[in-house]
Amino acid sequence: MARVAVVTGGSRGIGEAISKGLKAAGYKVAATYHGNDEAAQKFKAETGIEVFKWDVGKYEDCKAGIATVEAALGPVDVLVNNAGITRDVMLHKMTPEQWHAVIQTNLDSLFFMTRCVIEGMRNRGFGRVITIGSINGQKGQMGQTNYSAAKSATIGFTKALAQEGASKGITANVIAPGYIATDMVRAVPENVLQKIVGQIPVGRLGESDEIARAVVFLASDQAGFITGSTLTINGGQYMT
Ligand code: CAA
């Protein structure tokens, strides 16, 4: 029986590559999205991957959404917490709305989404929770106190969850990408982006597929001894 994987923010950017990678590896994939209907429908038409629309920053939406996914595809074996937003601005100019938007989508969602699938994983004795962190949760980044705080928290969340899940066949890991060629990174002012690329020893932005391949590996049976870890994939920009 094919395993079921849910990828949040799974129709665009890094999430799109993860959804496609998991499908190619034989999973039944559900890609969630929040805003962009047109992109989601295009993605569905091109890939045949089911898309589901809800706000991962709202618990009731996650509960209803996961129930819909499980009715359509079956119990969730693999959760990829990928959905994330930025509201980049220096702290001295940041509004409470900019703070809360990022914490809600990037951090509250980890609890909401994982809470909705973890009991089933424990009962069935297998699960994979893979969370997309960030280089900027490891090193900090000016303009991103909100984002860095949320991404840093993915690591503590994952280490605690890894301990809770270990005896139940559940692993929890973080992948911390560096600057990957997605719309999110292209939104960085061009002069700043050039400076950033100059700081990457490999000399280029990363590709979404380079993250997706690691997700597919961590989701597999072969990765059962890897838990509580953070896999850094950033072209050498920051070495932990
Ligand atoms: N690396 C190097 N220098 C940077 C930088 C970065 N990441 N971010 C800003 N700077 C520099 C600017 O080049 C500028 O330098 P100069 O004064 O020498 O020109 C200085 O910091 C101030 O920047 P701004 O003039 O742009 O100041 P601002 O107040 O208008 O904006 C900012 C500040 C919000 C930090 C803006 O520069 C910005 O958005 N920077 C990019 C922040 C960033 O890296 N975000 C990551 C987005 S991608 C992502 O989040 C995915 C992921 O996980 C990696």
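Now for a description of the structure that goes with this document. (Residues numbered from 1 in each chain as written. Predicted model: local features only at pLDDT ≥ 70, side-chain atom pairs only at ≥ 80, totals over all residues. Heavy atoms only, no water.)

Turning next to the site of the ligand. Around the ligand, a shell composed of 23 residues is seen, among which Asp-88, Ser-134, Tyr-147, Tyr-179 and Lys-195 lie nearest. The separation between an oxygen atom of the ligand and a polar side-chain atom of Ser-134 is 2.6 Å. Here an oxygen atom of the ligand sits 2.9 Å away from a polar atom, N or O, in the side chain of Gln-144. Of all the secondary structure elements, the ones that give two or more residues to the shell around the ligand are α5 (135–139), α7 (183–186) and α8 (190–198). By residue number, the principal contributor to the shell around the ligand is α8, which donates 3 residues. Residue composition of the shell around the ligand, grouped by class: 12 nonpolar, 8 polar and 3 charged. (Near = heavy atom within 4 Å. Polar contact = N/O pair within 3.5 Å; in protein donor to acceptor, adjacent residues only side chain to side chain. Helix = DSSP H or I, 4+ residues; strand = E, 2+ residues; numbered from the N terminus. Nonpolar A, V, L, I, M, F, W, Y, C, P; charged D, E, K, R; others polar.)

To continue, consider the sheet that holds strand β4 (residues 78–81). An order of β3-β2-β1-β4-β5-β6-β7 is seen for the 7 strands of this open sheet, with the pairing classed as parallel. Because the sheet does not close on itself, it has two edges, and the strands there are β3 (50–53) and β7 (230–233). Between one strand axis and the next, the sheet turns by 20 degrees as a mean value, whatever way the strands run. When strand β2 (residues 28–33) meets β3, the two strands line up parallel, connected through 4 bridges. Within the sheet, the bridge partner assigned to Ala-30 lies in β3 and is Glu-50. Packing against the sheet, helix α1 (residues 13–24) makes contact with β1 (4–7), β2, β4, β5 (127–132) and β6 (170–177), and its axis sits at approximately 175 degrees to β1. Against the sheet, helix α4 (residues 96–124) touches β1, β4, β5 and β6, its axis set at about 170 degrees to β4. (Pairing = 2+ DSSP bridges. Axes fitted to C-alpha atoms, helices over the stretch in contact; angles between N-to-C directions. Contact = heavy atoms within 4.5 Å.)

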